[in-house]
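Remarks on the overall topology
Each chain, written out:
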Amino acid sequence: MNGTSSETRTVTVEREFPHPPEKLWRALTQPHLIEEWLMKNDFKPVVGHSFNLRGEWGGVLDCEVLTVEPNRTLSYTWNFAHDDPAFDLKSIVTFTLTQTSGGTHLRMEQSGFRPNQKQAYGGAKVGWQKFLADLEQVLAREE
Amino acid sequence: MPEPQDTLFRTLADPTRRAIFERLCRKGEQTVVVLTAQSGVSQPAVSKHLGVLKRAGLVQDRHEGRQTHYSARPAALAPLIDWTSQMGGFWESRFDDLENLLERMDQ
């Protein structure tokens, strides 16, 4: 999940779940289930459908469905409009499901940020956990 | 004039103060009374920590009657965090909730 200095950057998070792809697909595409693990939404698994993801922090993400391949691939835009270019965010989130012997491998790739993108509001609420872990490392080095 | 990073690092270097900030991030808005009950230090000490956090822009306060409510402003951490680690942490945490949801769902 490291960025590069090129035009766009990519964050990738992968995990294997001991559940079949069909079940994961439901969790990724049914609004009441999406709300339970991601955000409140008016998602529909229809290419071209525009929807919002509403975060607990009050932010609203503008999204549009780009790809729907049941049990395999789902992608949508993940944009946060802001007057200040440093906060403006345009990205694409792609979920790729692969059946494994023990369940399903899920890969989430988020890409398309500008190189000067300093922060992402979607992560502001929870990114602190990693920040604090990093901070402890930095402080340990300082001593 | 210290750099914003210096202020943030100094502010969060104290374990008690960091714990208060963490709790506000996790639990949302809390009163000084509730924070004190959970922190293991005196109320004046908690208030002092909250003052330091507020000056660093990490928390904001809201007065309601005689109570003061504090909430976290995680965006204030921005100077220290690039979006990759931020979004990575965000998705890891969402995947935790997804895993939890899958356990509760019917086949």
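This report concerns the structure included in the present document. The model shown is predicted, which means the values in this text are computed figures rather than measured ones. (Residues numbered from 1 in each chain as written. Chains lettered and ligands numbered in written order. Predicted model: local features only at pLDDT ≥ 70, side-chain atom pairs only at ≥ 80, totals over all residues.)

1. What to know about the sheet that holds strand β7 (residues 103-111) of chain A
All names here are of chain A. Selection criterion: Each pair of strands is called paired provided DSSP finds at least two bridges between the two strands. Numbered from the N terminus, helices here are DSSP runs of H or I no shorter than four residues, and strands are runs of E no shorter than two. Residue pairs are scored as contacts if the distance between their C-beta atoms, which are placed from the backbone, is within 7 Å. For helices, the axis comes from a line fit to the C-alpha atoms of the stretch in contact; other axes are also lines fit to C-alpha atoms, and the angle between any two N-to-C directions lies between 0 and 180 degrees.
One open sheet holds the seven strands; their spatial order is β1-β7-β6-β5-β4-β3-β2, and the pairing between them is antiparallel. Strands at the two margins of the open sheet, each flanked by one partner only, are β1 (10-17) and β2 (40-41). As defined by bridge partners, β1 adjoins β7 across eight bridges and the pair is classed as antiparallel. What sits directly across from T10, in β7, is S111. The strands touched by helix α1 (residues 21-29) are β1, β5 (73-80), β6 (89-100) and β7; relative to β6, the strand with the most contacts, the crossing angle is about 160 degrees.

2. Observations concerning the pairing of strand β2 (residues 59-64) of chain B
All names here are of chain B. Bridge count between β2 and strand β3 (residues 67-72): six bridges; the pairing is antiparallel. For E64, the partnering residue across the bridge sits in β3 and is Q67. Hairpin connection between β2 and β3: a loop of two residues separates the two successive antiparallel strands, and G65 in this loop has a positive phi of roughly 60 degrees.

3. Notes on the packing of helix α2 (residues 15-27) of chain B against helix α4 (residues 43-55) of chain B
Residues and elements named next belong to chain B. Counted only if it meets this: For classification purposes, an angle smaller than 35 degrees is called roughly parallel, one larger than 145 roughly antiparallel, one from 65 to 115 roughly perpendicular, and anything else oblique. Residues are grouped as follows: Ala, Val, Leu, Ile, Met, Phe, Trp, Tyr, Cys and Pro are nonpolar; Asp, Glu, Lys and Arg are charged; all remaining types, including Gly, are polar.
Following both chains from N to C, one finds α2 and α4 inclined at 75 degrees, their axes separated by 10 Å at the closest point. It follows from the interaxial angle that α2 and α4 lie roughly perpendicular. Counted together, T16, R17, I20 and F21 of α2 and V46, H49, L50, V52 and L53 of α4 form the full contact between these two elements. Looking at side-chain class alone, the contact of α2 with α4 contains six nonpolar, two polar and one charged residues.

4. Here's the deal with the sheet that holds strand β1 (residues 30-31) of chain B
Residue and element names in this part refer to chain B. Spatial ordering of the open sheet is given by β1-β3-β2, a layout of three strands whose pairing is antiparallel. Strands at the two margins of the open sheet, each flanked by one partner only, are β1 and β2. Pairing of β1 with β3, which is carried by two bridges, proceeds in the antiparallel orientation. Looking at β3, one finds that Q30 is bridged to Y70. Across the sheet, α4 touches β2 and β3, and the angle it forms with β2 is around 120 degrees.

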